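Chain residues, written in single-letter form:
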Amino acid sequence: MTAETFARVWSRESLEDTLKDNFGAGQDVDMPEDLRFVRGVARLAMKRFKVKNESASDAPIVFILHPQGLDDPPPDRTSSGRIPMLDEGRYEISNRIWFVNHTVNEGIALELGPDDDDVEIFRMLRDDLQLGGFPAAVIETRDGSFNARFYPRGLADSTSCQVADLNQQSISLVDVQSALDDIYQATLCTPDAQGHVVTTWEDADSLLPVGEPELTVQALLRVGLVGRFIGFDIWAEQPDPSGRFDLLIVQSDLFDRSTVTRHVLLELKVLKDKASTGGTVRPSVNRKAIRKGVKQAAVYRDQHSVRSAALCCYDMRATVHGDAAFEEVGAKAAKKSVELWIWHLFASAEAFRNHHYGPIADEEGVEDSE
Amino acid sequence: MTALADQTRALLIIRSFARSAVYPASAAAIHTVSYLADALASVWGIRPLEDAVLKTGWVPHSAKLHSAIDALIGRGMVDVANVQYVERGARLDLQADYSLNDVLCGRVLAVLDSDPEWHVEFQALREISTCVVGMGRDRMPRAALVDASYSDPLLDTNTVLDLEPDAGEAPTRTKQANNEISRLAAERVGRALSPAELTNLYIRHLFPLTEGSR
């Protein structure tokens, strides 16, 4: 390489081009592989159909998280050979079954024929090729639609299928609240839902939280939101002169990925009766946390030019407060256009059931207190 | 690094390829990832295996890594196949494919997974190997050759490339390029990049260089 070429290759302009084409790659390094996979598939599909204007596929485009591909591909099928730099979007992806890695930057494809309809494709993958248990993503482009169906447990288990609209250009607060409701139900509402590894509870029976339950909530919400808003990015806790925001939902421009639209900022607070050390947390401390949360949400939203912001409170206290927790700050939040949302983290499945459905009485009519 | 740490690095590199299309991993792929991990060590805050390498015009070869892999083969933790020697000028280069013996590695890898320091190193190695796998089997070994430090035209072949300059000395070309990417991201996106983001952007900048089209 000559000195002149070297200077050009490593110039600011050249690096800027790389940033515009590739910003966002590696953002999801701490996510499970199957989530990285479906995000990579969505990103590739958007590049092909939105940027490169590829024509709609005659059949669903199936991606399987199986980088090695097939040892013995069906003899009546044409294989593409390994395709490097797949995520750059240089290759047509339609009318093929793809075997890719979790970042979708490399893969191999089987060509589909004109007789391959949806039923035949799924049957071949499940029954002939025995690939029904591998995480899969299916891109649908027919009839004007553009969506990704994600099968985290494979095509053989359609009950786990999640659908993402790849035409989605914006996210409303209603979308986010609905997503947070689902994430709460699936991973946060009770100690059982949280599991034993990533949990807010040190000892739920004693209402004792872990040292930093906010980090647990943030991690669970981030994974949940990444899975829900597949064409978007979820940034967490960026250092900022005014502090650190908790979660920010953004979207990169398809033609210049370093141009980012900031849709919704989420400020998280965990309300507690006890500290992790066992000491009592006074009600005034929780009220102060809520007041501070409203202020932080408004400040960070304005500082980062975010369209909207919400304060999300996760309440580990024994008593269910609901929206009454916001009595003191309601007017101020409305004035600052900060949404106020609260979810109660029940210390047991029984407490959850009792709150939502009432206590269960036994045959003698005595309420079960367990 | 101690010999045991060298073996851990070797083990984690081979593991980083385990679920990829290029597994068992070739010697060239393993040395390429190890070199890039050293070149990007400051990005991740990990210890480099080699703080200096000889520029030869072929994949930078780490004698420490080579010894570590041999030791792992001797301990039965790594399996080797397709061994052959290829002439490169006046010397013979070993070509071989390496894979983990899952039975003998299982407990060691489980212990490493619970160690935060090695977790970061594995994350770095896995991200680097995933990026270079994207270049394709043929071009993958060129990734190190087009690295900003290694391809610096001011550095002649058969001279030593210092990957860990002393304080007060100019940072490596790789470090300078990463600093520039960080500055650009701060200007355009308004935030700092994580080590994984920086690594992805840096190695993706190498992509077209491996095709010689830039």
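Residues numbered from 1 in each chain as written. Chains lettered and ligands numbered in written order. Predicted model: local features only at pLDDT ≥ 70, side-chain atom pairs only at ≥ 80, totals over all residues. Heavy atoms only, no water.

(A) Quick peek at the packing of aromatic side chains. All names here are of chain A. In the structure shown here, the tally under the stated rule is 10 aromatic pairs over all chains. Plain terms: the ring middles of Phe23 and Trp235 are 6.4 Å apart, the flat faces sit at 85° to each other, and that makes the pair edge-to-face. Taken together, the residues Phe23 in the loop between α2 (12-22) and α3 (33-51) and Trp235 in strand β10 (residues 233-236) connect sequence positions 212 residues apart. The residues Phe23 and Trp235 share a single accessibility class, namely buried. Between Phe63 and Trp98, the ring centres sit 6.2 Å apart and the planes meet at 10°, which makes this aromatic pair stacked. Placement of the pair is Phe63 in strand β1 (residues 61-65) and Trp98 in strand β3 (residues 96-100), with a sequence separation of 35 residues. What makes Trp98 buried here is its relative accessible area of 0%. (Phe/Tyr/Trp six-rings, centres within 6.5 Å; stacked < 30°, edge-to-face > 60°. Helix = DSSP H or I, 4+ residues; strand = E, 2+ residues; numbered from the N terminus. Buried < 20%, exposed > 50% of the residue type's maximum accessible area, 1.4 Å probe, protein only.)

(B) The arrangement of the interface of chain B and chain A in detail. On the chain A side, the residues contacting the 46 residues of chain B number 45 residues. Contact between chain B and chain A buries roughly 3,900 Å² in total, counting both sides, with carbon and sulfur atoms accounting for 58%. Summed over the shared surface of chain B and chain A, the number is 9 salt bridges. Glu33(A) is the partner of Arg19(B) in a salt bridge, and the nearest nitrogen-oxygen pair spans 3.4 Å. The tally of links from chain B across to chain A stands at 17 residue pairs in polar contact (both at pLDDT 80 or more). Counting only elements with at least two residues in the side of chain B that touches chain A, the list comes to α6 (116-133), α8 (173-188) and α9 (195-211) of chain B. Per element, the largest residue contribution to the side of chain B that touches chain A is 12 residues, and it comes from α9(B). Split into classes, the residues belonging to the side of chain B that touches chain A amount to 21 nonpolar, 10 polar and 15 charged. (Contact = heavy atoms within 4.5 Å. Buried area = accessible area lost by both parts, 1.4 Å probe. Salt bridge = Lys/Arg side-chain N within 4 Å of Asp/Glu carboxyl O. Polar contact = N/O pair within 3.5 Å; in protein donor to acceptor, adjacent residues only side chain to side chain. Nonpolar A, V, L, I, M, F, W, Y, C, P; charged D, E, K, R; others polar.)

(C) Inspection of the state of the cysteines at higher detail. Residue and element names in this part refer to chain A. What the rule picks out here adds up to 0 disulfides over all chains. No disulfide involves Cys189; its sulfur sits 16 Å from that of Cys312, the nearest cysteine. Distance from the sulfur of Cys312, which forms no disulfide, to the nearest cysteine sulfur (Cys313) is 7.7 Å. Relative accessible area serves as the criterion here: at 0%, Cys312 is assigned to the buried category. (Disulfide = S-S within 2.5 Å.)

(D) Examining the packing of α6(B) against α9(B) more closely. Residues and elements named next belong to chain B. Between α6 and α9, the least distance of the axes is 10 Å, while the angle of their chain directions is 25°. Judged by the inter-axis angle, α6 sits roughly parallel to α9. Between α6 and α9 lies a crossing whose hand is right-handed. Where α6 abuts α9, its residues Glu127, Ile128, Cys131 and Val132 lie against Ala196, Thr199, Asn200, Ile203 and Phe207. Looking at side-chain class alone, the contact of α6 with α9 contains 6 nonpolar, 2 polar and 1 charged residues. (Axes fitted to C-alpha atoms, helices over the stretch in contact; angles between N-to-C directions. Parallel < 35°, antiparallel > 145°, perpendicular 65-115°, else oblique. Left-handed = near helix turned anticlockwise from the far one by under 90°.)

(E) Focus on the pattern of salt bridges. According to the stated counting rule, one finds 39 salt bridges over all chains in the structure shown. Between Glu140(A) and Arg142(A) there is a salt bridge, and its shortest N-O distance comes to 2.7 Å. Classification of Glu140(A) by relative accessible area gives buried; the value is 10%. With a closest N to O distance of 3.7 Å, Glu267(A) and Lys269(A) form a salt bridge. Classification of Glu267(A) as buried rests on a relative accessible area of 2%. Salt bridges here are not isolated pairs; linked through shared partners, they connect Asp28(A), Arg36(A), Arg39(A), Asp233(A) and Glu127(B).

(F) Highlighting the sheet that holds strand β6 (residues 147-151) of chain A. Residues and elements named next belong to chain A. Taking strand neighbours across the sheet as the criterion, the 7 strands line up as β2-β4-β3-β1-β5-β6-β7 in an open arrangement whose pairing is mixed. The sheet terminates laterally at β2 (83-84) and β7 (162-165), the two strands that pair on one side only. Pairing of β1 with strand β5 (residues 136-140), which is carried by 4 bridges, proceeds in the antiparallel orientation. Note on β5: the bridge partner recorded for Ile61 is Ile139. (Pairing = 2+ DSSP bridges.)

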